[in-house]
Amino acid sequence: MKSKLLIALSKGRLLQQELDLLERIKIMPRKDPIKSRKLVFETNRADISILVLRGSDVVTYVRHGTADIGMVGKDILIEQKGDGFYEPLDLGIGKCRLMVAGPENESAYAGRLKIATKFTNTAKRYYAMKGQQVEIIKLFGAMELAPVMGLAHRIVDIVETGETLRANGLVPIEEIIKISTKLIVNESSYKTKFDDIKNLINEIGSSL
Ligand code: PRP
């Protein structure tokens, strides 16, 4: 008998691509998660259900084994440094870069460089690795505004097309890491539901 599998998808700009990926291997939710306000979806496969969550919550659900499988950006995985799950596949979607960016004409600053970001752990590790002492300022969104308003000198943020930077008079300065969406699998689900999860990984892997 097939095990029940719960797959957690990241909502937002990744969701359509994640659904397309599942559709390629003939897994289709019964209602459209893009249009519906529901958060859990049955699919055409009686053994597979889908959750739609914030990326950071995808990691939490999979780490605790509540969801067996997740799709989540590498930016979130390195920020949370999770354990309790494997990362067997790069899904090749959601490609972007985590970058340091700042004003085109950066004015001189006295004292420590101030960095605004929601990726505070990653930014701390990055500057520690460079041996540079900086002040990290936590924001939850609209990072690009921080240098414009004088809250920080630079930002650490995701850059995909570069449009948001350009629209706010900022330029990319340094690349921290290339990002894409990963498939993650809870460690104990991988053991207890091995055949079904392995089949799913193989099917997704060969559809990429
Ligand atoms: C991300 C990021 C930038 C933007 C970059 O935000 O924080 O603002 O995308 O993309 P671009 O280089 O193509 O302009 P997102 O829209 O994902 O929302 P968020 O702020 O909630 O992360």
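This structure is a prediction, so every number in the text was calculated from the model and none was measured.

Draft legend 1. Examining the nonpolar core more closely. Residues Leu9, Ile69, Leu91, Leu183, Leu200 and Ile204 are the most contacted members of the largest nonpolar core, which totals 25 residues. Ignoring sequence-local partners within four residues, the contact set of Leu200 consists of Leu5, Ile7, Ile25, Ile27, Ile48 and Ile69. Residues Ile78, Leu113, Ile115 and Tyr126 belong to the second largest nonpolar core, which totals 14 residues.

Draft legend 2. Fine view of unusual backbone geometry. At Lys26, a position not held by glycine, the phi torsion is positive, near 65°. With respect to the helices and strands, Lys26 occurs in the loop between helix 1 (15–24) and strand 2 (40–42). Phi at Ala142 takes a positive value of approximately 45°, unusual for a residue other than glycine. Within the secondary structure, Ala142 is located in the loop between strand 8 (134–138) and helix 5 (145–149).

Draft legend 3. Here's a closer look at the sheet that holds strand 9 (residues 154–159). Spatial ordering of the open sheet is given by 8-7-9-6-10, a layout of 5 strands whose pairing is mixed. Strand pairing shows two members of the sheet lacking a second neighbour, strand 8 and strand 10 (170–179), which therefore form its edges. Between one strand axis and the next, the sheet turns by 30° as a mean value, whatever way the strands run. Strand direction decides the pairing type here: strand 6 (residues 96–103) and strand 10, joined by 8 bridges, are antiparallel.

What counts and how
- Residues numbered from 1 in each chain as written.
- Predicted model: local features only at pLDDT ≥ 70, side-chain atom pairs only at ≥ 80, totals over all residues.
- Heavy atoms only, no water.
- Core = buried A, V, L, I, M, F, W, Y, C linked by side-chain atoms within 4.5 Å.
- Buried < 20%, exposed > 50% of the residue type's maximum accessible area, 1.4 Å probe, protein only.
- Contact = heavy atoms within 4.5 Å.
- Helix = DSSP H or I, 4+ residues; strand = E, 2+ residues; numbered from the N terminus.
- Pairing = 2+ DSSP bridges.
- Axes fitted to C-alpha atoms, helices over the stretch in contact; angles between N-to-C directions.

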